[in-house]
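Breakdown of the fold
As a plain string of letters, each chain reads:
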Amino acid sequence: MAADTKPGSDEALHPLASRDELREARYHRNGFVVLFAILVVAPAVLYPVFLMQALCFALFACAFNLLLGFGGLLSFGHAMFLGMAGYLSAHAAKHWGFTPELAILTGTGTAAALGFVTGLIAIRRQGIYFAMITLALAQMVFFYCVQAPFTGGEDGIQAVPRGKLLGLVPLQGLAMYYTVLAIFAAGVLLIHRVIHSPFGQVLKAIRDNEPRAISLGYRTERYKLAAFVMSAALSGLAGATKAIVFQLASLTDVHWTMSGEVVLMTLVGGLGTVFGPVVGAFVLVAMQSYLSQLGAWFTVAEGVIFVACVLAFRRGIVGELEAWLRRRRQKH
Amino acid sequence: MSISVPALMGQLLIGLINGSFYALLSLGLAVIFGLLNIINFAHGAQYMLGAFVAWFLLNQAGLGYWWALLLVPVVLAVVGIAIERLMLKHLYKLDHLYGLLLTFGLALVLEGLFTHKFGSAGLPYSIPEGLSGGYNLGFMFLPKYRAWVILASLAICLGTWFMIERTKLGSYLRAATENPSMVQAFGVNVPRMVTLTYGFGVGLAGLAGAFAAPIYQVSPQMGSSLIIVVFAVVVIGGMGSIMGSIVTGFGLGIIEGLTKYFYPEASSTVIFVIMAIVLMVRPQGLFGQR
């Protein structure tokens, strides 16, 4: 095997990988290169504020997809991680005088801790119950945020200082944008790494057949909890960054509608695909900024898209695209 | 601390009222879940729709409260049957989560449409004439309408329980929950039963909305926050038993009322805390089977 592979070729790197896996790995690598190249030059064409919002939501949706697409766990309460991390990051930056990277880490750590506690409770049930439990727990966090004095109630935490990155670089204009892009890139590459690690393989095995994974000797609840905490922490990273970028943490981000929105982004883009959630987040954020003057019609549009996706379009944009490419390849 | 009896009784009454709605709605969810394996996320929106239909009947057609109690469940059942025939029936072969996502989308559509038309402010619906006023019981004041709602919803819950657990029709329903293809083989039209069951559950949600119209304001958002609490109620009770949903619904309403009196800060979260404790101790729910 090793004798007839050329050094430097894909086969030499992965002696045990099948041809399909290699093709998939190549597709993902090229996809990431194209994606990041587009995002690096995007501020020349598109409004950076729009891009930063879309990137924060894209990271949020990728974190959510890690849990649903690869762990098979539908959380209907992910807003609690986005929102709580936002509050803590805003509070740390505004009242404790933290530099932005420390504020973001504070928010991320809070979301991870919250994910650990809620995860311990939620993973005791599966499927539909898991969705209802996470939704209920998120509602509890929402009520806490409405009452707790540090969140500022209906006003939220406003005028959060962006500060200087590492105490050196003031986060204004493009510096802010590229910081967000770096955080986003780190987040999605980490998720990609996790999905393709042995841990990710076990997670997929649990998603496909939990009793079998148990009988193989895996402590499935530990894997599920780890995936949940990781997803919560990355959602928190997105929320904490968002609070610094928009200098605001508010109740919108902990509300259940936000939990529904991230489900929709993932569904529109393509559940269980690597790039789907990114595409879905951009589509939804674009829709939001163009349709925002329509008020309640936006909610109606979201609902209609939900129904259409479930009835006719379950693979999502990226999923349909991948299926079409596969069909074309098989014809040749 | 000194206990003020009228205030305590007042909170208990509110708790019982809330409990009536928890019971009615979680009962509908349990019946639908039993046969369709779908968690009806639109249940809250359908409850809201019921309240609005009652409001329309009064303000557009001049039909009062008693007509509403008769017509609202019928209208909502028709809506439910249409939803089942047009959409839900395509999902039975898929993962159960898709049913949740579809009904969530429907809830957004309904809530968005009504918010667009009526805004967020509530519309008043006056208490019907025969039921206004109340009784002075000495230690508390009991409004007639609230007593009526508690008794009526208790009667409906028990009636549903009787129908499902003690009648021939109910035995078909329970059998189809256990093994639909076997029941179909015996010549029962299971797909039609599924359709009618969804219609029944939605009708029940609509009826709850009609009951709620004179108590709460009729508003587009009245269903969404309620349904999340009802989900917690369903998790606590476990969806295995009909009587379980009724008992859990009323019980949690009372606990919530007591919390509002003794420790008001926790009143909005107490049900979720109980849910977390139940999940740690008895994950299948109080009345659920493994």
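Residues numbered from 1 in each chain as written. Chains lettered and ligands numbered in written order. Predicted model: local features only at pLDDT ≥ 70, side-chain atom pairs only at ≥ 80, totals over all residues.

**Structural notes on the overall build of chain A**
Counting secondary structure elements, chain A contains 14 helices and two strands. By principal-axis analysis of the C-alpha atoms, chain A measures approximately 65 × 45 × 40 Å. A separation of at least 24 residues holds for 76% of the contacts in chain A among residues at least 6 apart in sequence. (Helix = DSSP H or I, 4+ residues; strand = E, 2+ residues; numbered from the N terminus. Contact = placed C-beta atoms within 7 Å.)

**Thoughts on the overall build of chain B**
Secondary structure assignment for chain B yields eleven helices and two strands. Secondary structure elements in chain B, listed N-terminal to C-terminal, are α-α-α-α-β-β-α-α-α-α-α-α-α. Radius of gyration (C-alpha) of chain B: 19 Å, near the 19 Å computed for a compact globule of 290 residues. Seen through its C-alpha atoms, chain B measures out along the principal axes to roughly 60 × 50 × 35 Å. Expressed as a percentage of its 290 residues, the buried residues of chain B come to 50%. For chain B, the proportion of contacts with a sequence separation of at least 24, taken over those separated by at least 6, is 78%. (Rg over C-alpha atoms; globule rule 2.2 N^0.38 Å. Buried ≥ 20, exposed ≤ 12 C-beta atoms within 10 Å, placed from the backbone.)

**Comments concerning the interface of chain A and chain B**
For interface size, the figure often reported is the accessible area lost on association. Every contact between the two is made by 34 residues of chain A and, on the other side, 33 residues of chain B. Here the side of chain A that touches chain B is composed, by residue class, of 24 nonpolar, seven polar and three charged. (Nonpolar A, V, L, I, M, F, W, Y, C, P; charged D, E, K, R; others polar.)

**A look at the packing of helix H7 (residues 173-195) of chain A against helix H10 (residues 220-246) of chain A**
All names here are of chain A. Following both chains from N to C, one finds H7 and H10 inclined at 175°, their axes separated by 11 Å at the closest point. In terms of orientation, H7 and H10 fall into the roughly antiparallel class. Of H10, the residues touching H7 (which contributes Met-176, Val-180, Ile-183, Gly-187, Ile-191 and Val-194) are Met-230, Leu-234, Leu-237, Thr-241 and Val-245. Within the contact of H7 with H10, the residues separate by chemical class into nine nonpolar, two polar and no charged. (Axes fitted to C-alpha atoms, helices over the stretch in contact; angles between N-to-C directions. Parallel < 35°, antiparallel > 145°, perpendicular 65-115°, else oblique.)

**Observations concerning the confidence of the model for chain B**
Per-residue confidence for chain B gives a mean pLDDT of 90; residues scoring 70 or more make up 99%. Taken together, the chains of this predicted complex give a pTM of 0.90 and an interface ipTM of 0.88. (pLDDT = per-residue confidence, 0-100.)

**Section: the nonpolar core**
Judged by nonpolar contacts, the single largest core of 197 residues is most densely connected at Ala58(A), Leu59(A), Met132(A), Ala136(A), Ala232(B) and Met275(B). Here the element with the most residues in this core is helix H3 (residues 48-71) of chain A; it accounts for 17 residues. Residue contacts for Ala58(A): discarding those within four places in its chain leaves Phe184(A), Pro277(A), Val278(A), Ala281(A) and Phe282(A). (Core = buried A, V, L, I, M, F, W, Y, C linked by C-beta atoms within 7 Å.)

**Looking at the environment of Gly28(B)**
Residue and element names in this part refer to chain B. By the secondary structure assignment, Gly-28 is in helix H1 (residues 5-36). Sequence separation between Gly-28 and Tyr-198 is 170 residues, and the spatial gap between their C-alpha atoms is 8.7 Å. Ignoring anything within four residues of it in the chain, the contact list for Gly-28 reads His-43, Gly-201, Leu-204 and Ala-205.

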